[in-house]
Amino acid sequence: MRKKIVAGNWKMNLNLQEGVALATELKAALAEDKPNCDVVICTPFIHLAKVADIVAGTVIGLGAENCADKEKGAYTGEVSAAQVKSTGAQYVILGHSERRAYYGETASILKEKVNLALANGLKVIFCIGEVLEEREAGKQNEVVGAQLADSLFDLTEDQLSNIILAYEPVWAIGTGKTASAEQAEDMHAFIRGCIAGRFGDAAAENISILYGGSCKPGNAKEIFAKPDVDGGLIGGAALKCADFKGIIDAWK
Ligand code: PGA
């Protein structure tokens, strides 16, 4: 049975003290009212070690938002997968559309990052999704299919078991425009079909596919109710404990 997951992506928000406060608040909220799904928070690098201590022994998993495409060495300002892992984090987001668009992350760079993350024992939340012009041209399947094939199709089935997919239509990220539950389900079913085509039905059945893009307490339940939607990757609404908890509770 594949996992239901709600993951937060803090992006470049919250200073260290604010991040510690949010993680502490979330820990208390989920201790009082146990979630019905896996919960992960993905934070800037600077928060990882402290937040790892806060969430240790709780239901909350921890992830980074990126890692380097090089193993180690003279790459000033970069953070390696091994360094992320050493903080106590178990996950890393890779391929987020903001990384692709603003930092030039190509499919081949992402392939390196995925390999290094997996080799260092991290689970990868791999993001895919089309931009508005691609959707308007009816090219969303082509685009997302290529993103999957170009970065993930050389993995083994065993490696794939440590990948979580996040379908994030770029036009829905931070815009307040959510994909309709039907649009999300269409894409998620297509994505699961691509995975089945390359890795077989069992792998496709087992992989969790999260929806991301303006997911909120008010729309999460309807989206998560779709058969191929296994949870959400949450940006803005992950920055307030009550909103994030409201989305987690959509699984109840
Ligand atoms: P959003 O971001 O929830 O703020 O739209 C989602 C994401 O980019 O992961």
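To keep things clear, this report deals only with the structure shown in the data block.

So, how was this worked out
The residue numbering used here restarts from 1 in each chain and proceeds along that chain's sequence as written. Restriction of local features to residues with pLDDT of at least 70 applies here, the model being predicted, together with a cutoff of 80 or more for giving and counting side-chain atom pairs; totals for whole chains, interfaces and linings are based on all residues. Side-chain descriptors were evaluated using all non-hydrogen atoms of the structure, hydrogens and water having been removed beforehand. Only DSSP runs of H or I with at least four residues qualify as helices, and only runs of E with at least two residues qualify as strands; both kinds are numbered from the N terminus onward. Two things to know: the radius of gyration comes from C-alpha atoms, and the globule rule equals 2.2 Å times the number of residues to the power 0.38. When a residue's accessible area, from a 1.4 Å probe over protein chains only, is under 20% of the maximum for its type it is buried; when over 50% it is exposed; and in between it is partly exposed. Two residues form a contact once any of their heavy atoms are found within 4.5 Å. Methods summary: accessible areas were calculated by the Shrake-Rupley approach with a probe of 1.4 Å, and residue burial reflects only the protein chains presented. The sign given to each residue is positive for Lys and Arg and negative for Asp and Glu; His and the chain ends receive no count. A single reference atom marks each charge: NZ on Lys, CZ on Arg, CG on Asp, CD on Glu. The span you would expect from a helix comes to 1.5 Å times its residue count less one. In this description, strands pair whenever DSSP reports at least two bridges between them. Fitted lines through C-alpha atoms give the axes, limited to the stretch in contact for helices. The angle between two N-to-C directions lies from 0 to 180 degrees. Nearness of a residue to a molecule or strand requires only that one of the residue's heavy atoms be within 4 Å of it. Contacts described as polar in this section are N or O atom pairs within 3.5 Å, which, within protein, must combine one atom able to donate a hydrogen with one able to accept it, while residues neighboring in sequence count only if both atoms come from side chains. Should an angle lie under 35 degrees it is considered roughly parallel, over 145 roughly antiparallel, and from 65 to 115 roughly perpendicular; all remaining angles are considered oblique. Should the near helix be turned anticlockwise from the far one by less than a right angle, the crossing is termed left-handed; should it be turned clockwise, right-handed. Residues are sorted three ways: Asp, Glu, Lys and Arg are charged, Ala, Val, Leu, Ile, Met, Phe, Trp, Tyr, Cys and Pro are nonpolar, and all the rest, Gly among them, are polar. Only buried residues count toward a nonpolar core, which is a set of Ala, Val, Leu, Ile, Met, Phe, Trp, Tyr and Cys residues joined through side-chain atoms within 4.5 Å.

**Remarks on the overall build of the protein**
- Scanning the protein from N- to C-terminus turns up twelve helices and eight strands.
- Scaling as 2.2 N^0.38, a compact globule of 252 residues should have a C-alpha radius of gyration of about 18 Å, and the protein matches this with 17 Å.
- Along the first, second and third principal axes, the C-alpha set of the protein runs to 45 × 45 × 35 Å.
- Of all 252 residues assigned to the protein, the portion counted as buried reaches 50%.
- Restricting the contact set of the protein to residue pairs at least 6 apart, pairs at least 24 apart contribute 72%.
- Only carbon and sulfur atoms are counted for the fraction: they give 52% of the accessible area of the protein, which is about 11100 Å².
- Distance between charge centroids for the protein: 4 Å, based on 26 positive and 33 negative side chains.

**Quick look at unusual backbone geometry**
- If you check the backbone angles, Lys 11 has positive phi at about 55° while not being a glycine.
- The topology assignment puts Lys 11 in the loop between strand E1 (5-9) and helix H1 (16-32).
- For Lys 11, a relative accessible area of 21% gives the class partly exposed.
- Even without glycine at this site, Ser 214 takes up a positive phi of about 55°.
- One can find Ser 214 in the loop between strand E7 (209-212) and helix H11 (217-224).
- For Ser 214, a relative accessible area of 11% puts it in the buried group.

**Remarks on helix H5 (residues 107-119)**
- In a regular helix each residue adds 1.5 Å, so 13 residues correspond to 18 Å; H5 covers 18 Å between its end C-alpha atoms and thus fits that length.
- Of all the positions in H5, only Leu 110, Lys 113, Val 114, Leu 116, Ala 117 and Leu 118 are classed as buried.
- Gly 121 sits one or two positions beyond H5 and adopts a positive phi of about 80°.

**Concerning the sheet that holds strand E6 (residues 163-167)**
- Read around the closed barrel, the eight strands follow the order E1-E2-E3-E4-E5-E6-E7-E8; overall the barrel is parallel. Going across the sheet, the axis of each strand differs from the next one's by a mean of 25°, ignoring polarity.
- As judged from the five bridges shared by strand E5 (residues 123-128) and E6, these two strands associate in the parallel manner. If you follow Val 124 over to E6, its bridge partner there is Ile 163.

**Digging into the site of the ligand**
- The ligand sits among 13 residues. The nearest are Lys 11, His 96, Glu 168, Gly 174 and Ser 214.
- In the model, an oxygen atom of the ligand is placed 2.6 Å from a nitrogen or oxygen of the Glu 168 side chain.
- Between an oxygen atom of the ligand and a main-chain N or O atom of Gly 174, the distance comes to 2.7 Å.
- Protein chains bury 95% of the 280 Å² of accessible surface belonging to the ligand in isolation.

**Section: the packing of H1 against helix H12 (residues 241-248)**
- In contact at an axis separation of 10 Å, H1 and H12 are set at 40° when each is read in the N-to-C sense. The angle between H1 and H12 falls in the class oblique. Taken as a pair, H1 and H12 cross one another with a handedness that is right-handed. Listed contacts from H12 to Leu 22, Glu 25, Leu 26, Ala 29 and Leu 30 of H1 are Cys 241, Phe 244, Lys 245 and Ile 248.
- A class-by-class count of the residues in the contact of H1 with H12 yields seven nonpolar, no polar and two charged.

**Quick word on the nonpolar core**
- Among the nonpolar cores identified, the biggest contains 70 residues, and Ile 41, Phe 126, Ile 163, Leu 165 and Phe 224 are the most heavily contacted of them.
- Broken down by element, this core gets its largest block of residues, seven residues, from helix H9 (residues 181-199).
- Beyond its immediate chain neighbours, meaning those up to four positions away, Phe 126 contacts Leu 94, Gly 95, Arg 100, Leu 110, Val 114, Gln 147, Ser 151, Leu 152, Ile 163, Ile 164, Leu 165 and Ala 166.
- Counting twelve residues, the second-largest nonpolar core is a separate cluster that includes Ile 5, Cys 42, Ile 164 and Leu 210.

**Describing the packing of H11 against H12**
- Running from N to C, H11 and H12 point in directions that differ by 20°, and their axes come no closer than 8 Å. The angle between the axes of H11 and H12 places the two elements in the roughly parallel class. The hand of the H11/H12 crossing is right-handed. Facing H11, whose interface residues are Pro 217, Ala 220 and Phe 224, H12 presents Asp 243, Gly 246 and Ile 247.
- For the contact of H11 with H12, the residue count by class is four nonpolar, one polar and one charged.

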